[in-house]
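Chains, contacts and geometry: an overview
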Amino acid sequence: MAEATTAASQSGAPYRTEPIDEVAIIGAGQMGNGIAHVFAAAGYDVAMIDVNDGALQRGLSTIEKNLDRQVKKGSIDAAAKDATLARVSTHVDMAAVEGAGIVVEAATENADLKFRIFQDVDRLANAGAILATNTSSISITEIAARTRRPELVIGMHFMNPVPVMQLVEVIRGIATSDATTATTMELARKVGKTPVEVNDYPGFVANRILMPMINEAVYCVMEGVGTPEAIDTVMKLGMNHPMGPLTLADFIGLDTCLAILEVMHRGLGDPKYRPCPLLRKYVAAGWLGRKTGRGFYQY
């Protein structure tokens with residue numbers, strides 16, 4: 001089993017003293033199955049939890065396809081693929097979090113949903129378990145306040161696609177202990193990622209910088225400054241970005257982009273974060289990007 005050694009708490013807050021070898025992931029969607037993939041590949045037993053078996057089977061299928069891609073590239077062998085899949089169990093009951101040393105929530109970017117999940121997980125998880133959220137913008141402090149263990153609540157924001165992207169933003173809430181932060185940073189390294197510690201402000205670092213750029217690109221479309229293709233080409237060739245902002249927005253999901261911008265607009269109170277009306281219109285139309293077949297491009 002893989003292990004994560006805990007650091008001594010400098011704050012005096014309680015923390016787990018046992019090594020972590022079991023992980024629970026809440027959500028089997030795009031982010032959840034990717035997080036399950038990297039933990040299982042690193043040797044952790046993973047309980048992947050979702051509301052229905054269909055979502056879980058789609059998540060498992062995605063993990064298998066991504067592992068097949070790694071086998072084809074020669075980065076892992078068939079035995080490693082089989083071992084990784086064998087470490088992932090699927091569950092529709094939230095009680096499966098019991099026994100996990102860390103629970104990583106990767107549900108939809110909706111504050112009320114996350115608050116409910118953390119209340120349930122706090123009740124069901126072992127007393128020393130770390131409760132992490134993959135939120136890309138919602139306040140860690142607010143999430144932690146719904147639990148009886150705020151010192152053990154932290155943000156663990158993976159980038160999409162999780163098996164490929166190197167970064168994990170590790171976000172401290174106001175009550176997060178030093179020990180929780182140190183353990184989470186170490187876990188990120190053990191699954192092959194590079195953790196960066198940041199503090200709890202709307203959008204954190206990644207989305208506070210990225211989303212205004214995407215939003216401005218949408219304004220450029222709305223105002224007729226350029227076509228989506230022209231705007232993306234300028235940013236790719238002029239700024240050496242691997243992907244244009246509108247292609248990236250379609251990949252992330254326009255509904256997710258809108259939700260993050262709304263959190264930043266409310267939380268920071270600055271009009272520069274106001275979501276573009278065209279972005280709102282596309283989301284209202286159900287044009288959410290790749291996942292619906294249409295966003296700024298058709299798929």
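Use the structure listed above.
The text that follows walks through the structure, step by step, so that each part is easy to find. Sequence order sets the numbering: in each chain, residues are counted from 1 along the sequence as written. Totals for whole chains, interfaces and linings use all residues, but because this is a predicted model, local features are given only for residues with pLDDT of at least 70 and pairs of side-chain atoms are given and counted only at 80 or more. For the side-chain quantities, the full set of heavy atoms in the structure was used; hydrogens and water were omitted.

**A closer look at the nonpolar core**
The nonpolar side chains of soluble globular proteins are, as a tendency, buried together. Within the largest apolar cluster, 35 residues are counted, with the highest numbers of intra-cluster contacts made by Phe39, Ile102, Met156 and Phe158. Ranked by the residues each element gives to this core, the list is headed by helix 1 (residues 30-41), at six residues. By definition in these notes, contact holds between two residues if any of their heavy atoms fall within 4.5 Å. Ignoring any residue separated from it by four or fewer positions in sequence, one finds Ile102 in contact with Ile20, Glu22, Val23, Ala24, Ile130, Ala132, Met156 and Leu187. Listed in part, the 25 residues of the second largest apolar core include Val121, Ala125, Ile138 and Val263. We define a nonpolar core as any set of buried Ala, Val, Leu, Ile, Met, Phe, Trp, Tyr and Cys residues linked to one another through side-chain atoms lying within 4.5 Å. Each residue is placed in one exposure class: buried if its accessible area under a 1.4 Å probe, protein chains only, is under 20% of its type's maximum, exposed if it is over 50%, and partly exposed if it falls in between. A run of H or I in DSSP counts as a helix once it spans at least four residues, and a run of E counts as a strand once it spans at least two, with each numbered from the N terminus.

**Some points on the packing of helix 1 against helix 2 (residues 53-73)**
Here, axes are lines fitted to C-alpha atoms. For helices the fit covers the stretch in contact, and angles between N-to-C directions go from 0 to 180 degrees. The N-to-C vectors of helix 1 and helix 2 enclose an angle of 50°; their axes lie 9 Å apart at closest approach. Overall, the two elements helix 1 and helix 2 adopt an arrangement that is oblique. Between helix 1 and helix 2 lies a crossing whose hand is right-handed. Here helix 1 contributes Asn33, Ala36 and His37 to the contact with helix 2, which in turn contributes Gly59, Thr62, Ile63, Asn66, Leu67 and Gln70. Any residue outside Ala, Val, Leu, Ile, Met, Phe, Trp, Tyr, Cys, Pro, Asp, Glu, Lys and Arg is labelled polar, Gly included; the first ten of those are nonpolar and the last four are charged. In the contact of helix 1 with helix 2, the residues fall into three nonpolar, six polar and no charged. Orientation categories follow fixed angle ranges, with anything under 35 degrees roughly parallel, anything over 145 roughly antiparallel, 65 to 115 roughly perpendicular, and all other angles oblique. Handedness of a crossing is defined here by the sense of rotation of the near helix relative to the far one, left-handed for an anticlockwise turn of less than a right angle and right-handed for a clockwise turn.

**Some details on unusual backbone geometry**
In this structure, the amide linkage connecting Asn160 to the following residue, Pro161, adopts the cis form with an omega of 0°. Along the chain, Pro161 turns up in the loop between strand 6 (153-158) and strand 7 (167-172). Phi is positive for Asn240, which is not a glycine, with a value near 60°. Tracing the backbone through its elements, the reader meets Asn240 in the loop between helix 8 (228-239) and helix 9 (245-252). Under the relative-accessibility criterion, Asn240 is labelled exposed at 68%.

**Here's the deal with the environment of Val263**
Counting through the fold element by element, Val263 comes out in helix 10 (residues 254-268). Every residue in contact with Val263, bar those within four places of it in the chain, is listed here: Ser137, Ile138 and Pro202.

**Let's talk about helix 6 (residues 178-190)**
Along an α-helix, residues three or four apart share an orientation, since each turn contains 3.6 residues. Over its 13 residues, helix 6 runs 18 Å from end to end, which matches the ideal 18 Å to within 8%, given 1.5 Å per residue. Regarding helix 6, the residues found buried are Ala179, Thr180, Thr181, Thr183, Thr184, Met185, Leu187 and Ala188. Against helix 1, strand 4 (102-105), strand 5 (130-133), strand 6, strand 7 and strand 8 (194-199) lie the buried residues of helix 6. At the exit of helix 6 stands Gly192, carrying a positive phi of roughly 85°. In this scheme, a helix's expected span is set at 1.5 Å multiplied by one less than its residue total.

Worth remembering: the numbers are spatial, not functional.
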